[in-house]
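Here is how the chains run, residue by residue.
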Amino acid sequence: MLISFSQGWAQDTKWKTKYKSGDDDKLISYGFFLAAHSHSYRLRYSEAFLDTSNVFTRNQKAIMPRYATGFALGFIGNVRLHDQLDIRITPKISFYQYGIEVRYTDAPSDEILIENTKVEFPLLLKYKSIRRMNSRAYMIGGINPMIEGRKRDNIEVAPISTLTYDLALELGFGFDLYFEYFKFSPEIRYSHGLINIFDQTTSNPEFATGIASMRSHTITLYLNFQ
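No experiment lies behind these values; they were computed from the predicted model shown. (Residues numbered from 1 in each chain as written. Predicted model: local features only at pLDDT ≥ 70, side-chain atom pairs only at ≥ 80, totals over all residues. Heavy atoms only, no water.)

1. Side note on the overall build of the protein chain
What the protein chain contains, in helices and strands, is two helices and 11 strands. Ordering the α and β elements of the protein chain from the N terminus gives α-β-β-β-β-β-β-β-β-β-β-α-β. A buried classification covers 41% of the 226 residues belonging to the protein chain. Across the protein chain, every contact between residues at least 6 apart in sequence was considered, and the portion connecting residues at least 24 apart equals 71%. Total accessible area on the protein chain stands at roughly 13,100 Å², and carbon and sulfur atoms take up 63% of it. (Helix = DSSP H or I, 4+ residues; strand = E, 2+ residues; numbered from the N terminus. Buried < 20%, exposed > 50% of the residue type's maximum accessible area, 1.4 Å probe, protein only. Contact = heavy atoms within 4.5 Å. Areas by Shrake-Rupley, 256 points an atom, 1.4 Å probe, with all protein chains shown as cover.)

Listed below in structure tokens is the structure:
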């Protein structure tokens, strides 16, 4: 039975079409993607948060970042170095809404929302497995410089404010699936901010005094088309 199954599978594979979509053999290829992400801040308390004599923090019980969702869209520029190795540039526009809950010992909690529209320029290295018919797995990683898309007023003071730029380290994995006219690549990527983006100078002291640093943290599902 095993021999018969193996022979049947071999014959089926032999006659299966191997698509050439996705331009894997070209030096430079292009595409686009849609993405959905879950994001939050990684927050570290300041020493003042534990100071019971501090007028701003003495009634604060916790400052807790909340996970939220957003989306992004962008383009793919791919440079082939080897059959299993590519350099990939994926400029994109991303929409974020961060939530931070401030809890008090003697009052209702405050919910702070921070909305960002960011222009991002990930520079990535993509390492691919050997292609098996119309699929192959890959790992991807690199750095992602980001700048905020909107211009801020210099005198603007927010409850909790962040810098207008960031730099993140990214690592992920995915699958290239080849079809007759295009290549579809679902991908999951983790992003960890390397810069303390908390801007104390333009934040309200009532909320900012208890915070030492904030770093971005994002998990993204990409739907890539080439």
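Back to the write-up after that little detour.
2. Digging into unusual backbone geometry
In this model, Met-133 sits at a positive phi of 50 degrees, which is unusual for a non-glycine residue. Here Met-133 shows up in the loop between strand S7 (123-128) and strand S8 (135-148).

3. Considering the packing of aromatic side chains
The tally for this structure, following the rule as stated, stands at nine aromatic pairs. Arranged with centres 5.4 Å apart and planes meeting at 70 degrees, the rings of Phe-33 and Tyr-222 form a pair that is edge-to-face. With a gap of 189 residues between them, Phe-33 in strand S1 (residues 28-45) and Tyr-222 in strand S11 (residues 211-225) connect regions that are remote in the sequence. In this structure Phe-33 comes out as buried when scored by relative accessible area, which is 1%. For Tyr-222, a relative accessible area of 2% puts it in the buried group. For the pair Tyr-96 and Tyr-98, a centre-to-centre distance of 5.6 Å together with 10 degrees between the ring planes defines the contact as stacked. Both residues of the pair, Tyr-96 and Tyr-98, count as buried. Every member of this aromatic cluster is reached through a ring pair, and the members are Phe-32, Phe-179, Phe-182, Phe-184 and Phe-225. Lys-118 extends its terminal NZ or CZ atom over the ring of Tyr-96, reaching a point 4.8 Å from the ring centre. Against the face of Tyr-138 rests Lys-126, its NZ or CZ located 4.2 Å from the ring centre. (Phe/Tyr/Trp six-rings, centres within 6.5 Å; stacked < 30°, edge-to-face > 60°. Lys NZ or Arg CZ within 6 Å of the ring centre and 35° of its normal.)

4. Considering the environment of Gly-174
Note on placement: Gly-174 falls in strand S9 (residues 165-178). The spacing of Gly-174 and Tyr-222 is 48 residues in sequence and 8.9 Å in space, taken between C-alpha atoms. In contact with Gly-174, not counting residues within four places along its chain, are Arg-136, Ala-137, Tyr-138, Pro-186 and Glu-187.

5. Thoughts on the pattern of salt bridges
Summed over all chains, the structure comprises 11 salt bridges. When the shortest N-O distance is used, the salt bridge between Lys-183 and Asp-24 registers 2.9 Å. Of this pair, Lys-183 sits in strand S10 (residues 183-193) while Asp-24 sits in the loop between helix H1 (2-15) and S1; the two residues are 159 residues apart in sequence, bridging distant segments of the chain. Each member of the salt-bridge network shares a partner with another, and the members are Asp-24, Asp-83, Lys-126, Arg-136, Asp-176 and Lys-183. (Salt bridge = Lys/Arg side-chain N within 4 Å of Asp/Glu carboxyl O.)

6. Digging into the side chain of Glu-170
In this structure, Glu-170 sits in strand S9. Contact partners of Glu-170, with chain neighbours within four places excluded, come to Leu-124, Ile-140, Gly-141, Gly-142, Asn-144, Arg-189, Tyr-190, Ser-191 and Tyr-222.

7. Section: the pairing of S10
Where S9 and S10 come together, nine bridges link them in antiparallel fashion. Across the sheet, Ala-168 pairs through a bridge with Gly-193, a residue of S10. From the end of S9 to the start of S10, which pair antiparallel, there are four residues. The sheet contact formed by S10 and S11 spans nine bridges and is antiparallel. Within S11, the position partnered with Ile-188 by the bridge is Leu-221. (Pairing = 2+ DSSP bridges.)

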